[in-house]
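Commentary on secondary and tertiary structure
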Amino acid sequence: MAVLLLTGAPVNWAKPPKANTKVMWSQRTTDGKRVYGSFRAIAWLDWINWLCKKKFGRGLIVYQGGYNTTIKLSKGTHDYSEVFDLWIPGVAGTTQRSFFRAHGGGGWYRYPPTFMKHCHIFVLPPVLTSDVNKRYRAALLKVGKFIDGGWSLYGKQVGSSQIHDYLVKPYKDGLASHNSDTTWRPSDLNGSVFHLADYIKQKQAALRRAA
Amino acid sequence: MNAANINPVAILDQLLGDWASPKIRRSLHSLILLVAFAVTIWQAADGDWRKAVGAGLLALYGAANKANTLHTDLAAAGTDHEADVDDGLSYEEAGGTEFPETSPYEADDAPDDPALPLS
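All of the points below concern the structure found in this document. (Residues numbered from 1 in each chain as written. Chains lettered and ligands numbered in written order. Predicted model: local features only at pLDDT ≥ 70, side-chain atom pairs only at ≥ 80, totals over all residues. Heavy atoms only, no water.)

Re the sheet that holds strand 7 (residues 118–123) of chain A
Residues and elements named next belong to chain A. Taken in spatial order, the 4 strands of this open sheet run 4-5-7-6, and their pairing is antiparallel. Two strands bound the open sheet, and with one partner strand each, they are strand 4 (61–64) and strand 6 (105–110). The average undirected angle you get between the axes of adjacent strands in this sheet is 35°. Packing of helix 1 (residues 39–56) onto the sheet brings it into contact with strand 4, strand 5 (83–87), strand 6 and strand 7, and relative to strand 5 it is tilted by some 15°. Packed onto the sheet, helix 2 (residues 93–102) meets strand 5, strand 6 and strand 7 and runs at close to 170° relative to strand 6. (Pairing = 2+ DSSP bridges. Helix = DSSP H or I, 4+ residues; strand = E, 2+ residues; numbered from the N terminus. Axes fitted to C-alpha atoms, helices over the stretch in contact; angles between N-to-C directions. Contact = heavy atoms within 4.5 Å.)

Structure (structure tokens):
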């Protein structure tokens, strides 16, 4: 799999785009749509898919990517970047939720009778300091208003925030009811954050090895 | 407004942010682009509508073709399950860390229902 520019040309890892440049993944969603996101988000997806194959012997599938407004219940979350609905076929939902959380993904395992089985995951911003709602805006990344409460879009709080529910104790479930969530999170949430610069270096090293 | 957002589309987005949904904003941007495009073609054709129609159709075809013809074919979902990632790196060397692989609760054994919605 590869990270592609909007023209479909593969990203040049020697001269990568900015972290917030809109790009896409080389695999479609299960309903045939393109998987869009920021370069940072799609690079994370590419990395997590690579790790997924090493850990579970299979790649993941994307039910829904970013920049999608066609699903009513996802309104305010998937409208912009950094958010995916993911699934690793054949792996327990609770296990894959922990896998994503351990590697820079925040979010929850959703399952019947409310949802079809999937992991609703947002790529955590590069820095997690005091006011987590402002971290995407600080990194120039745009997310749906219910991901960061609206800070990245409007510069102010306009709604509830899933990143707050995920990162700030007492942890919540990210749904409208904001119920308590006691499921596993990494003990060092800062340490779980995805570092784009490191991944770029890893890709550059792989290209050198292949050359 | 941050430095990266100093472009007309981003400024318009900020202005419209409080009342317009992303869909409406995209539609508005598209409308502005279409009007600007029509004016440009009209001026380029010196007001001759026959020349303008031809040039406009050609430009629209070119833009649509460029937008829909990708340099790389996109793979269908679920077609990337090969187990061997033959790059010589282990899971840990690739950045993988440990995590709990089982959990004492939740509906792991419940059958899935694809008719249910996503979140």
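There is more to say, and it comes next.
Quick word on a nonpolar patch on the surface
All names here are of chain B. Among the surface-exposed residues, L34, W42, W49, V53, L57 and L60 lie close enough to one another that they form a single nonpolar patch of about 650 Å² accessible area. Taken together, the elements giving at least two residues each to the nonpolar patch come down to helix 2 (22–44) and helix 3 (49–68). Of the residues forming the nonpolar patch, the biggest block, 4 residues, is contributed by helix 3. Relative to the helices and strands, L34 is located in helix 2. Accessibility expressed as a relative area gives 49% for L34, which makes it partly exposed. (Patch = residues over 30% accessible without salt bridge, like charges linked within 9 Å, V, L, I, M, F, W, Y side chains within 5 Å. Areas by Shrake-Rupley, 256 points an atom, 1.4 Å probe, with all protein chains shown as cover. Salt bridge = Lys/Arg side-chain N within 4 Å of Asp/Glu carboxyl O. Buried < 20%, exposed > 50% of the residue type's maximum accessible area, 1.4 Å probe, protein only.)

Focus: the pairing of strand 7 of chain A
Residue and element names in this part refer to chain A. The element strand 7 is extensively covered by neighbouring structure, given that 6 of its 6 residues are classed as buried. Bridge analysis of strand 5 against strand 7 gives 4 bridges, and the strand direction is antiparallel. Residue pairing in the sheet places L86 in a bridge with C119 of strand 7. One ladder, built from 6 bridges, connects strand 6 with strand 7; its direction is antiparallel. What sits directly across from G106, in strand 7, is F122.

Comments concerning the interface of chain A and chain B
Contact residues are listed per partner, giving 71 residues for chain A and 56 residues for chain B. Contact between chain A and chain B buries roughly 5300 Å² in total, counting both sides, with carbon and sulfur atoms accounting for 53%. Taken together, the links from chain A to chain B amount to 2 salt bridges. For K54(A), the salt bridge goes to D87(B), with nearest N and O atoms at 2.8 Å. At the boundary of chain A and chain B, one finds 20 residue pairs in polar contact (both at pLDDT 80 or more). Among the elements that line the side of chain A that touches chain B, the one with the most residues is helix 1 of chain A, at 8 residues. Taken together, the residues of the side of chain A that touches chain B break down into 30 nonpolar, 25 polar and 16 charged. (Buried area = accessible area lost by both parts, 1.4 Å probe. Polar contact = N/O pair within 3.5 Å; in protein donor to acceptor, adjacent residues only side chain to side chain. Nonpolar A, V, L, I, M, F, W, Y, C, P; charged D, E, K, R; others polar.)

Describing the layout of surface pockets
Residue and element names in this part refer to chain A. Estimates place the volume of the second largest pocket at around 390 Å³. Among the secondary structure elements, those contributing two or more residues to the lining of the second largest pocket are helix 1 and helix 7 (196–210). The greatest single-element share of the lining of the second largest pocket, amounting to 7 residues, is contributed by helix 7. In terms of residue class, the lining of the second largest pocket is built from 9 nonpolar, 2 polar and 6 charged. (1 Å grid on protein atoms, 1.4 Å probe; cavity = no way out; pocket = protein on both sides within 12 Å on 5 of 7 lines; lining within 4 Å. Points joined across faces, edges and corners; volume = space filled by probe spheres on them.)

Note that every value here comes from positions in space, so none of it alone points to a role or purpose.
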